[in-house]
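# Structure assessment
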Amino acid sequence: MRVSTSEVFQSSLSGMLNQQSTLNALSQQLSTGNALINPASNPVANAQVLNLNSQIASLSSYQQSNQYAQQNLQLSSSTLQGVGTLINQVQQLAVQMNNATVSPSDLQNAVTTMQGNLQQLVQMANTQDANGTYMFAGSQSGITPFQLQGNNHVQYLGDSGQKTLEIGPGLTAPVSQSGNSVFMNIPAGNGSFTVTASSGNYQIPVSGTATDVGTTTLGPGSVLNQAAANDQFVVNGAQYQVTISNNGSSGLTYSVSSGTGQVGSSGWSGSSGTVVSGSYTPGQSIAIPSTPGSSPFISVPTNGQPGIGQSASFTLAAAQPQSLFQTFNNLITAFQAGGGSSGANTQRAQDISNVLANLSQSQTTLLSTQSQIGSQLQQAQSVQTLNANLTAQFQTTQGNLANVSYPQVITQFQQSTTALQAAQKAFAQVQGLSLFNYI
């Protein structure tokens, strides 16, 4: 087989060019640290690296959303802690004003303080994050949720939803809370039933004087059998009328009647009649059964007594939702009623008792919401740790695929350099061969 000079020349040149190409590729790997400069050199590894890049980018996006969600959860929690502190201050003020020795100026100062507290509460409920999102507007986080009206009533413009962000595949975290559940729909009274005094309890009798006005009040009461309370108040819509009478020389008595409809209205029907009655001692707790002879399911504490020949009447009815703002306003109204007379002081004492019960329910709602936020924050932190661990694993795998092994590449570079130099020397020697050198 004959090999022409051109073939020898072409073969040698092709070999040197291949060696130079290999050296260039190795040189780029050494300078960049990337073993996949040319995707065609390892298409499988290159595809794996692209997939890992996509997953790492997704995890980075999740982490940003997670961080934002955690910041908002922490802001919501700290805001509710501030609301809880404000409620404690209001409770202390209510207790201070719940005595017969306060002066009209004291009550007026208390009214001013409570008006400031109400404005502060609205400001807290309208808390915004750094992006201007309202924390307690539900999913309507772009509008001011709580509007203070001129009559001290507050209107809620948000909704009952939540705005959420995805913090992982199929995992979300809230970045806002529903103002409905936190501030607006709070069960009044003790959570099961409320106590309402008849408007005539503390009025001066037509034929009497201010000293004839009674001093009877009822506390918020307690539930002895929750299932029976739900059955009577919620399912049956029952109401109970507690009447305490001062019969003069005949002594003090009480009676409790039950029925449906609103006590004292034309729709009231005392269908069940008197369920319990007896002699009355100021300060006692009245245990109330659902029907005559049955076990008591609720109990209400008492204080004071009616004037001679007078009666005091109270209605026990199912607790209805009431906003924290309305509770603040009710306390303002109680302070504005003034004092001085026995009837006014007793009316204020009853109103303050009801407000304190409502404030206690508000505290319970706040604590429940804070507990829920704490669980959501803990979950977000766990997901953040998981995402960080996954990112580290993906980056390690990516590095194993794409990063250069410097000892190996340097060895290859040296070998290729030696091979190129040998090829160049051989080519030079072959090119210098000629028959004329041997003639």
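Our structure is the block above this text.
Quick look at the structure, then. Here the structure is a predicted model, which means the values were calculated and not measured.

## Some details on the overall build of the protein
When helices and strands are counted, the protein shows eight helices and 15 strands. Across the 439 residues of the protein, 41% fall into the buried class. Of the contacts formed within the protein by residues at least 6 apart in sequence, a portion of 67% connects residues at least 24 apart. Of the roughly 22200 Å² of accessible surface on the protein, a fraction of 49% belongs to carbon and sulfur atoms.

## Considering the layout of surface pockets
The calculated volume of the largest pocket comes to roughly 360 Å³. Lining the largest pocket are 22 residues; nearest its centre among them are Val195, Gln322, Asn330, Asn354 and Asn358. Listed by contribution, the elements that provide at least two residues to the lining of the largest pocket are strand E6 (193-197), strand E15 (321-322), helix H6 (324-336) and helix H7 (342-402). No other element matches H7, which puts seven residues into the lining of the largest pocket. A class-by-class count of the residues in the lining of the largest pocket yields 10 nonpolar, 11 polar and one charged.

## A look at the pairing of strand E4 (residues 171-174)
Where strand E3 (residues 164-168) lies against E4, four bridges are found, and the strand directions are antiparallel. Of the residues in E4, the one forming a bridge with Leu165 is Ala173. In this antiparallel pair of consecutive strands, E3 and E4, the connection spans two residues, and Gly170 shows a positive phi of 75 degrees.

## Some details on the nonpolar core
One finds Phe146, Phe183, Leu324, Phe325, Phe328 and Phe335 to be the most contacted residues of the largest nonpolar core, which totals 40 residues. For this core, the elements supplying multiple residues, two or more each, are helix H2 (43-97), helix H3 (104-125), strand E2 (154-156), helix H4 (179-184), H6 and H7. Setting aside anything within four residues of it in sequence, one finds Phe146 in contact with Val122, Ala125, Asn126, Phe136, Val154, Gln155, Tyr156, Gly179, Phe183, Met184 and Phe325. Membership of the second largest hydrophobic core comes to 27 residues, among which are Val213, Ile298, Phe314 and Ala318.

## Some thoughts on the packing of aromatic side chains
In total, this model carries nine aromatic pairs according to the counting rule given. Ring geometry for Phe146 against Phe325: centres 5.2 Å apart, planes inclined by 45 degrees, an arrangement best described as tilted. Of this pair, Phe146 sits in strand E1 (residues 146-148) while Phe325 is found in helix H6, placing the two residues 179 residues apart along the sequence. In terms of burial, Phe146 and Phe325 fall into one category: buried. One aromatic cluster in this structure is built from Phe136, Phe146, Tyr156, Phe183 and Phe325.

## Things to note about the environment of Val213
Mapped onto the fold, Val213 is located in the loop between E6 and strand E7 (217-218). Along the primary structure Val213 and Gly200 are separated by 13 residues, whereas in three dimensions their C-alpha atoms are 9.8 Å apart.

## Notes on unusual backbone geometry
One non-glycine residue, Asn152, lies in positive phi territory at about 70 degrees. Inspection of the secondary structure puts Asn152 in the loop between E1 and E2.

## A look at the environment of Leu359
Along the chain, Leu359 falls in helix H7. By relative accessible area, which is 0% here, Leu359 ends up buried. Separated by 269 residues in sequence, Leu359 and Val90 place their C-alpha atoms 8.6 Å apart.

## Examining the packing of H3 against H6
For the pair H3 and H6, interaxial distance at closest approach is 9 Å and the crossing angle is 170 degrees. The orientation of H3 relative to H6 falls into the category roughly antiparallel. Taking contact as the criterion, the partners of Leu107, Ala110, Val111, Met114, Gln115, Asn117, Leu118, Leu121, Val122 and Ala125 in H3 are, on H6, Leu324, Phe325, Phe328, Leu331, Ile332, Phe335 and Gln336. Of the residues assigned to the contact of H3 with H6, the class counts are 14 nonpolar, three polar and no charged.

## Details of the environment of Leu218
Positionally, Leu218 belongs in strand E7. For the pair formed by Leu218 and Ser353, sequence separation is 135 residues and the distance between their alpha carbons is 8.1 Å.

## Remarks on the pairing of E6
Judged by how many residues are buried, E6 sits mostly within the fold: four of five residues are covered. Both E6 and strand E14 (residues 311-318) contribute to a ladder of five bridges, which runs antiparallel. Paired with Thr196 across the two strands is Thr315, which belongs to E14.

## Some points on the side chain of Gln70
Looking at the element boundaries, Gln70 is found in helix H2. Among the polar contacts listed, one links the side chain of Gln70 to the side chain of Gln384, at a separation of 3.1 Å. Non-local contacts of Gln70, meaning those with residues more than four positions away in its chain, are made with Leu377, Ala380, Gln381 and Gln384.

## As for H6
Here H6 is 13 residues long and its end C-alpha atoms lie 19 Å apart, about the 18 Å a rise of 1.5 Å per residue gives. For H6, every residue scored as buried is listed here: Leu324, Phe325, Thr327, Phe328, Asn329, Leu331, Ile332, Ala334 and Phe335.

## With respect to H3
Between its first and last C-alpha, H3 extends 31 Å over 22 residues, near the 32 Å set by a 1.5 Å rise per residue. Inspection of H3 places Leu107, Ala110, Val111, Met114, Asn117, Leu118, Leu121, Val122, Met124 and Ala125 among the buried residues, and these make up the whole buried set. The buried residues of H3 all sit within an arc of 150 degrees when viewed along its axis, so they share a single face. Away from its buried face, by an angle of more than 90 degrees, H3 presents the exposed residues Gln119 and Gln123.

Criteria and cut-off values
- Residues numbered from 1 in each chain as written.
- Predicted model: local features only at pLDDT ≥ 70, side-chain atom pairs only at ≥ 80, totals over all residues.
- Heavy atoms only, no water.
- Helix = DSSP H or I, 4+ residues; strand = E, 2+ residues; numbered from the N terminus.
- Buried < 20%, exposed > 50% of the residue type's maximum accessible area, 1.4 Å probe, protein only.
- Contact = heavy atoms within 4.5 Å.
- Areas by Shrake-Rupley, 256 points an atom, 1.4 Å probe, with all protein chains shown as cover.
- 1 Å grid on protein atoms, 1.4 Å probe; cavity = no way out; pocket = protein on both sides within 12 Å on 5 of 7 lines; lining within 4 Å.
- Points joined across faces, edges and corners; volume = space filled by probe spheres on them.
- Nonpolar A, V, L, I, M, F, W, Y, C, P; charged D, E, K, R; others polar.
- Pairing = 2+ DSSP bridges.
- Core = buried A, V, L, I, M, F, W, Y, C linked by side-chain atoms within 4.5 Å.
- Phe/Tyr/Trp six-rings, centres within 6.5 Å; stacked < 30°, edge-to-face > 60°.
- Axes fitted to C-alpha atoms, helices over the stretch in contact; angles between N-to-C directions.
- Parallel < 35°, antiparallel > 145°, perpendicular 65-115°, else oblique.
- Polar contact = N/O pair within 3.5 Å; in protein donor to acceptor, adjacent residues only side chain to side chain.
- Expected span 1.5 Å × (residues − 1).
- Arc of directions from axis to C-beta.

In short, shape yes, function no, at least from these values alone.
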